[in-house]
Amino acid sequence: MAAYLKELPGKAPHRRAVARDAVSASAIRTWCDAMGETHAVFLDSAAARAEGHTDVLAPPATLQMWTMPGLEPGRPRGAGPARAGDLDEKVRARFADLGYPGALAVTTEQEFLAPLRAGDLLVADDVYVAVSERKQTALGPGYFVSHRITYSTAAGRVAGRLTATVVHFRPRPAGPLADPAAAPARPQGLPAHGSAGDLVAGARLGPVPIPVTATLIIAGACATRDFYPVHHDRDFARAHGSTDIVMNVLTTNGLLARVIGEWTSNARLLSLRTRLRVPVHPHDELSVTGTISSAGAGRAELAVRAATRAGVHAQATAVVGLDPLVKQ
């Protein structure tokens, strides 16, 4: 197995993927509904045109979803984002055969280089960049596999890049399915959305509470076109070591991006680096807080944390541009 894995870097996990559909206002609206995003430039074509755009923009955190394969009839349940014939499909099958059937994303590093608009057709080119040795993880023993994707429009404009790391692990037996916990106590009047704050170094932002329901987890998975069953099928999730279904990283990133936009008066999101730690299940509640790490020269950097009662779910670093959205 070690020799096989060492040969992966430089190879393409997936064949060049052309999105089945162009970026559309309806798909953007579905994503915004799931994430609670209300910024008019994403939802109202008239508002977008007033800002100098030809149509609504896609939120930057949608970058990864447009080329996802979708729910294809007959597709293996454990295939993740792999299509039939992709090397990633073979790699996942080999891991499963050797006793490592679990697979979850643990880090994403995204750069948003150009806005996506309704009508853009996205293309993804992918390459493996790193594979770890066998390690002990909180999920069980496993291997970390990283790949880098470049997203371009069919017209050749590079829209962004993503480096993602997935852990392939040997699940431990799932614990008992716990009864729903009581809703966390929260200060009276705590808003469900972020409020714009001062973008000066050291400023603290939040907390913003996000109640996590099965509906949110499943709606987020569907809106981001991620049909890996661990995000919507309790039996599958428990067979892979989870006590219940698990929020996907695309939803985590979408929620963080939404809150960051609320804190920064919808400043342009330039990059988002996210590390997942404790999984999120139904009946949890996320508390999102942030600190301005630095600000100046037309940009600000934020350190963001999303935590549940079980611990820190996600730690992220975001960079925003303080100039208006680029009109390209």
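Okay, so let's go over this structure. The structure displayed is predicted, hence computed values, not measured ones.

**As for helix 8 (residues 249-263)**
Across its 15 residues, helix 8 extends 21 Å between first and last C-alpha, which sits within 8% of the 21 Å expected from 1.5 Å per residue. Judged by how many residues are buried, helix 8 sits mostly within the fold: 15 of 15 residues are covered. One or two residues past the end of helix 8 sits Ser265, with phi positive at roughly 55°.

**Things to note about helix 5 (residues 87-97)**
Buried within helix 5 are the following residues: Asp88, Val91, Arg92 and Phe95. Down the axis of helix 5, the buried set is contained in an arc of 95°. They therefore lie on one face. Those residues of helix 5 that are buried lie in contact with helix 1 (2-6), strand 3 (102-112), strand 5 (122-131), strand 7 (140-153) and strand 8 (158-169). Immediately beyond the C-terminal end of helix 5, within one or two residues, lies Gly99, with a positive phi of roughly 95°.

**Here's the deal with the side chain of Thr163**
Mapped onto the secondary structure, Thr163 falls in strand 8. Within the local environment of Thr163, its side chain forms a polar contact with the side chain of Arg148, the two groups lying 3.4 Å apart.

**Describing the environment of Thr317**
Residue placement: Thr317 occurs in strand 13 (residues 311-321). Setting aside its immediate chain neighbours within four residues, Thr317 contacts Ser271, Leu272, Arg273, Glu301 and Leu302.

**With respect to the state of the cysteines**
Scanning the model with the defined rule gives zero disulfides in all. With no disulfide of its own, Cys32 lies closest to Cys222 among cysteine sulfurs, the gap being 16 Å. Residue classification places Cys222 among the partly exposed residues on the basis of a relative accessible area of 40%.

**Details of the packing of helix 2 (residues 25-35) against helix 6 (residues 214-223)**
The relative placement of two packed helices is expressed as an angle between their axes plus a distance between the axes. At their nearest, the axes of helix 2 and helix 6 sit 9 Å apart, and the two run at 155° to each other. As far as their axial angle goes, helix 6 and helix 2 are roughly antiparallel. The element helix 2 and its partner helix 6 pack so that their crossing is left-handed. Between helix 2 and helix 6, the contacting residues are Thr30, Trp31, Ala34 and Met35 on the first element and Leu216, Ala219, Gly220 and Ala223 on the second. A class-by-class count of the residues in the contact of helix 2 with helix 6 yields six nonpolar, two polar and no charged.

Rules used throughout
- Residues numbered from 1 in each chain as written.
- Predicted model: local features only at pLDDT ≥ 70, side-chain atom pairs only at ≥ 80, totals over all residues.
- Heavy atoms only, no water.
- Helix = DSSP H or I, 4+ residues; strand = E, 2+ residues; numbered from the N terminus.
- Expected span 1.5 Å × (residues − 1).
- Buried < 20%, exposed > 50% of the residue type's maximum accessible area, 1.4 Å probe, protein only.
- Arc of directions from axis to C-beta.
- Contact = heavy atoms within 4.5 Å.
- Polar contact = N/O pair within 3.5 Å; in protein donor to acceptor, adjacent residues only side chain to side chain.
- Disulfide = S-S within 2.5 Å.
- Axes fitted to C-alpha atoms, helices over the stretch in contact; angles between N-to-C directions.
- Parallel < 35°, antiparallel > 145°, perpendicular 65-115°, else oblique.
- Left-handed = near helix turned anticlockwise from the far one by under 90°.
- Nonpolar A, V, L, I, M, F, W, Y, C, P; charged D, E, K, R; others polar.

Honestly, it's all geometry; don't read function into it.
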